[in-house]
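# Fold and contact review
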Amino acid sequence: MLGIALPVLLLPMLGCQAPNASAGAAEATKPSTQVVSSRLGQVRVTTIASGLVHPWSVALLPQGGFLVTERPGRLRRIGADGAVSAPLAGVPAVFATGQGGLLDVALAPDFAASRRIYFTYAEPGEGDTAGTAAAIATLGARSLEGVKVIYRQAPKLEGSNHFGSRLAFDITPTGSSGGHVFISQGERQQRMLAQQLGVLQGKLVRLNLDGSVPKDNPFVGRKDARPEIWSYGHRNMQGLAIDPRSGTLWESEHGPRGGDEINLPRAGRNYGWPIITNGIDYSGFPVSEAVGTSAPGMEQPYHVWAKSPALSGMAFLVNQPRSKWNNSLFLGALADASLIRLTLDGDRVMGEERLLKELGARIRDVRVGPEGAVYVLTDEDDGKLLRLDPPR
């Protein structure tokens, strides 16, 4: 499912105004709470902030508060009291058309000491071209400092869809940083590029934290392949998370009409798009390049949906033995307007529950706080940051 939102104008600077949003600081949202039902009991949902324009990603700050990206090209702080800052200066120009714009944001593994953040965005190129990019910067009081682009999808292409993009940092068995960052992206709706190792569309990439290429990446040394590539044959990856229990990387991506899937991407593996898929074209006919749901040398999805919920952000709630939601994987769903909770037994998916259907809102991102609360963003003109307290 594409998860398409209405186009917005290309905004060259973070402080530029969107049509229906002030570039200045917003007043604090008066907290409001409602109760929704779940299989395990009632869930309290608190609106922390509203008035956000198509928010795309939220990062939880260790001293309280949040960083939130808005797709038109703004990065904002939100206080624990719901106060929304003016846009932070220093964000690069973004291609804010179709599904493009300012996308994921994540705190560096050493954020407490370095104040460094990572973010992804659709970067404009010559003419009407664009591609997914990733950058690092130091978070200042009112601006980003020392912005450095560490990754650019090549080549840049025309079109306004399938940019991805999420970030995830690997961890060692002891839970410390593994020293690498994974960056997801899409195939920019040029399907067969996902199978071509000489380009970066439709690839999951793995870099060192400074943006250099790890020497043990699977295609290093091959003249016909980009060394950044970790895995390939992906469509449009908008969910990426590390399981804190095992260090395993999980990835979710949009299928076409049906066939949204979760993968556990392994080095050098081909995940099949568009040669194999569990979906069909939006026309209702089979995907023209597809040979079926399986083919030699191509990986099967770890979990698949016959009807696309349009998967977005992803987060684990684990190591919380007192929580009724312990050992869950949460995924935002855009088309289904829900928060999907998968119950896990180790890596096995044992069941599924869909939450927040009462809200009727597209869920763009989901994160889990250290105290076990779940935070979600709704993808709307009047987007909201919500906190969910698990049932007791």
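Residues numbered from 1 in each chain as written. Predicted model: local features only at pLDDT ≥ 70, side-chain atom pairs only at ≥ 80, totals over all residues. Heavy atoms only, no water.

It is worth spelling out the layout of surface pockets at this point. Counted as a void, the largest pocket has a volume near 1,100 Å³. Forming the walls of the largest pocket are 32 residues, and the residues nearest its centre are F169, I242, P244, R367 and V368. At the level of secondary structure, the elements contributing two or more residues to the lining of the largest pocket comprise β3 (55-60), β6 (102-107), β11 (167-171), β15 (237-242), β19 (311-317) and β23 (363-368). Looking at the lining of the largest pocket element by element, the count peaks at five residues for β11. Residues that form the lining of the largest pocket fall into these classes: 23 nonpolar, four polar and five charged. There is about 350 Å³ of room inside the second largest pocket. If you trace the second largest pocket, you find 15 residues lining it, with E371, D389, P390, P391 and R392 closest to the centre. For the lining of the second largest pocket, the elements supplying multiple residues, two or more each, are β2 (41-52) and β25 (383-389). Here the element with the most residues in the lining of the second largest pocket is β2; it accounts for three residues. Residue classes in the lining of the second largest pocket are distributed as four nonpolar, four polar and seven charged. (1 Å grid on protein atoms, 1.4 Å probe; cavity = no way out; pocket = protein on both sides within 12 Å on 5 of 7 lines; lining within 4 Å. Points joined across faces, edges and corners; volume = space filled by probe spheres on them. Helix = DSSP H or I, 4+ residues; strand = E, 2+ residues; numbered from the N terminus. Nonpolar A, V, L, I, M, F, W, Y, C, P; charged D, E, K, R; others polar.)

Turning our attention to empty space enclosed by the protein. In total, this model carries three cavities of 30 Å³ or more according to the counting rule given. Put simply, the largest cavity is a space of about 70 Å³. The wall of the largest cavity is formed by R235, E253, H254, G255, P256, G259, E261, Y271, G272, W273, I276 and T277. Partitioning the lining of the largest cavity into residue classes produces four nonpolar, five polar and three charged.

It is worth spelling out the side chain of D379 at this point. Turning to its location among the elements, D379 is positioned in the loop between β24 (374-378) and β25. Within the local environment of D379, its side chain forms a polar contact with the side chain of H54, the two groups lying 2.7 Å apart. In contact with D379, other than residues within four places in its own chain, are H54, P55, L334, R362 and R364. (Polar contact = N/O pair within 3.5 Å; in protein donor to acceptor, adjacent residues only side chain to side chain. Contact = heavy atoms within 4.5 Å.)

Moving on, we get to the packing of aromatic side chains. Overall, the coordinates contain nine aromatic pairs when judged by the stated rule. Taking 5.0 Å as the distance between ring centres and 75 degrees as the angle between the ring planes, the aromatic pair formed by Y118 and F169 counts as edge-to-face. Remark: F169 occurs in strand β11 and Y118 occurs in strand β7 (residues 116-124); sequence separation between them is 51 residues. Given a relative accessible area of 14%, F169 falls into the buried group. Taken together through their ring pairs, the aromatic side chains of W250, Y302 and F316 make up a single cluster. One residue, R235, lies across the ring of W273, its end atom 5.3 Å from the ring centre. (Phe/Tyr/Trp six-rings, centres within 6.5 Å; stacked < 30°, edge-to-face > 60°. Buried < 20%, exposed > 50% of the residue type's maximum accessible area, 1.4 Å probe, protein only. Lys NZ or Arg CZ within 6 Å of the ring centre and 35° of its normal.)

If you trace the four strands from one edge of the open sheet to the other, you get β15-β16-β17-β18, paired in antiparallel fashion. Looking at the sheet topology across the chains shown, the edges are occupied by β15 and β18 (303-305). The average undirected angle you get between the axes of adjacent strands in this sheet is 10 degrees. As defined by bridge partners, strand β17 (residues 260-263) adjoins β18 across three bridges and the pair is classed as antiparallel. Its bridge partner being in β18, E261 is matched across the sheet by V304. (Pairing = 2+ DSSP bridges. Axes fitted to C-alpha atoms, helices over the stretch in contact; angles between N-to-C directions.)

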